[in-house]
Amino acid sequence: MPTRDQIVQIFAAAIEGGYAIPHINHSDYGDLIAIAEAGREAHTPIIAAGTPMTTSAMGFAKISAIAHLLAEEGETPFIIHCDHCPDPVLCKQAIDAGYNSVMIDASDKPLEENIAIVKDVVDYAHERGVFVEAEVGHVAHGEGSSWDASVDEAVKLVSATGVDALAIAMGSEHGFYKELPKLNFELAAQVHEALPSTPLVLHGGSGIPADDVRHAIASGIRKVNVGTDVRCTYVAGLRDAIAEMGIERHTQDIIAFAQTRAKAKIFDVIDMCGSRDKA
């Protein structure tokens, strides 16, 4: 499994090559395996991420153990990431359990408080060879409010913390969209110009038109997060498998059917990111 230094090099290649690394949120072991398999089959670096709902249900140690086994099965870089962790204590628990990447999300706090929280996690993580992402601006969950990042805030946070990657709020939201988002491509380009060696992250990728995602990548985004779209595809695959096969069909056949559906969606994300054959 890649160390922080190796993940930094993976993103340096993406910055140089003008593509993004796909980040896919998993919700159980079945789609975690599908993410790893899709990465191997497409020969791309890939990130499997768990939100607090997933990690609290499954446990950091169990997820990490499976992720390390999956990483050993292939030669393509496989990164296990703790996503949108609001608490430094939980980030540190993930690191201690063997995660090689974490996101400390204090984006709902005033900037100086965000910086202090991020710096605490960065210091702990870097001593242990773990990659860290933070967020500036705020990408809403559900009915919450979003606000865009600013270039000055982005530069200040990265300079003060030494964080490895930065999620920038640029008009996206988590979950499916009621209306198509209007992404602030100019903001992404300005932050990229100010922080050319820092990978920028687009959250809320589910439902954003592929052309808009590619435009964001051309503007400097180097990591694209997709969760809801893959999860719903996976769950719908379980539903359809049961409907077609019946409840007496073995569980593994039902899961395999759903994994195939999920992998097809993940391949779409990989191709949207332009990362196929970049491992």
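Scoring rules and cut-offs
Residues numbered from 1 in each chain as written. Predicted model: local features only at pLDDT ≥ 70, side-chain atom pairs only at ≥ 80, totals over all residues. Heavy atoms only, no water. Helix = DSSP H or I, 4+ residues; strand = E, 2+ residues; numbered from the N terminus. Buried < 20%, exposed > 50% of the residue type's maximum accessible area, 1.4 Å probe, protein only. Contact = heavy atoms within 4.5 Å. Phe/Tyr/Trp six-rings, centres within 6.5 Å; stacked < 30°, edge-to-face > 60°. Pairing = 2+ DSSP bridges. Axes fitted to C-alpha atoms, helices over the stretch in contact; angles between N-to-C directions. Right-handed = clockwise from strand over helix to strand, strands pointing away. 1 Å grid on protein atoms, 1.4 Å probe; cavity = no way out; pocket = protein on both sides within 12 Å on 5 of 7 lines; lining within 4 Å. Points joined across faces, edges and corners; volume = space filled by probe spheres on them. Left-handed = near helix turned anticlockwise from the far one by under 90°. Nonpolar A, V, L, I, M, F, W, Y, C, P; charged D, E, K, R; others polar. Expected span 1.5 Å × (residues − 1). Polar contact = N/O pair within 3.5 Å; in protein donor to acceptor, adjacent residues only side chain to side chain.

### Some thoughts on the environment of Gly-98
You can see Gly-98 is positioned in the loop between helix H5 (88-97) and strand S4 (101-104). The class of Gly-98 is partly exposed, set by a relative accessible area of 23%. In this structure, the C-alpha to C-alpha distance between Gly-98 and His-81, residues 17 residues apart in sequence, is 10.0 Å. Those residues in contact with Gly-98 that sit more than four places away from it in its chain are Met-1, Ser-64, His-68 and Ile-80.

### Brief notes about the packing of aromatic side chains
Taken as a whole and assessed by the stated rule, the structure comprises 2 aromatic pairs. Considering the side-chain rings of Phe-11 and Phe-131, the 5.4 Å spacing of their centres and the 15° angle between planes classify their relative orientation as stacked. One end of the pair, Phe-11, is in helix H1 (residues 4-17); the other, Phe-131, is in strand S5 (residues 131-136), with 120 residues separating them in the sequence. Phe-11 gets classed as buried once you look at its relative accessible area, which sits at 1%. Since its relative accessible area comes to 3%, Phe-131 is described here as buried.

### What about the sheet that holds S4?
Each strand in a sheet pairs with another by means of backbone hydrogen bonds, the pair being arranged parallel or else antiparallel. Strand order in the closed barrel formed by 8 strands is S1-S2-S3-S4-S5-S6-S7-S8, with parallel pairing between adjacent strands. Averaged over all adjacent pairs, the angle separating strand axes in this sheet is 25°, with direction ignored. Summarising the sheet, strand S3 (residues 78-85) and S4 pair through 3 bridges and their orientation is parallel. Considered in S4, the bridge of Cys-82 is made with Val-102. On top of the sheet, helix H2 (residues 29-42) reaches strand S1 (21-25), strand S2 (46-50) and S3; it is set at about 170° to S2, its chief contact.

### Considering the pairing of strand S8 (residues 221-226)
For S8, the buried fraction is high: 6 of the 6 residues fall into the buried class. Sheet topology places S1 next to S8; 4 bridges connect them, and they run parallel. Within the sheet, the bridge partner assigned to Ile-24 lies in S8 and is Val-226. As judged from the 3 bridges shared by strand S7 (residues 200-202) and S8, these two strands associate in the parallel manner. Paired with Leu-202 across the strands is Val-224, a residue of S8. Handedness of the β-α-β unit built from S7, helix H9 (residues 210-218) and S8 comes out right-handed.

### A closer look at empty space enclosed by the protein
All chains considered together, the criterion is met by 1 cavity of 30 Å³ or more. One number sums up the size of the largest cavity: a volume of about 40 Å³. Along the walls of the largest cavity sit Ala-36, Arg-40, Ile-46, Leu-70, Ala-71, Thr-76, Pro-77 and Phe-78, which together make up its complete lining. Elements represented by at least two residues in the lining of the largest cavity include exactly H2 and helix H4 (60-73).

### Let's talk about the packing of helix H6 (residues 111-127) against helix H7 (residues 151-161)
Interhelical geometry of H6 versus H7 gives an angle of 35° and a closest axis separation of 9 Å. As for how H6 packs across H7, the hand of that crossing is right-handed. On the side of H6, the interface is formed by Leu-111, Glu-112, Asn-114, Ile-115, Val-118, Lys-119 and Val-122, while H7 contributes Glu-153, Lys-156, Leu-157, Ala-160 and Thr-161. Across the contact of H6 with H7, the residue classes tally to 6 nonpolar, 2 polar and 4 charged.

### Comments concerning the pairing of S3
Judged by how many residues are buried, S3 sits mostly within the fold: 8 of 8 residues are covered. As paired elements, S2 and S3 share 5 bridges and run parallel to each other. Opposite Ile-46, over in S3, you have Phe-78 as the bridge partner.

### Quick notes on helix H10 (residues 228-245)
An α-helix turns once every 3.6 residues. As a result, residues three or four positions apart point the same way. Taking 1.5 Å of rise per residue, 18 residues should cover 26 Å, and H10 covers 25 Å from first to last C-alpha, within 8% of that figure. Inspection of H10 places Thr-228, Asp-229, Val-230, Thr-233, Tyr-234, Ala-236, Gly-237, Asp-240 and Ala-241 among the buried residues, and these make up the whole buried set. On its buried side, H10 packs onto S1, H2, S8 and helix H11 (251-273). Two residues or fewer after H10 comes Gly-246, characterised by a positive phi angle close to 90°.

### As for the side chain of Asn-114
Here Asn-114 is to be found in helix H6. Residue classification places Asn-114 among the buried positions, given a relative accessible area of 3%. A distance of 3.0 Å separates a polar side-chain atom of Asn-114 from the backbone oxygen of Glu-135.

Geometric descriptors of this kind do not, in isolation, establish any biological role.
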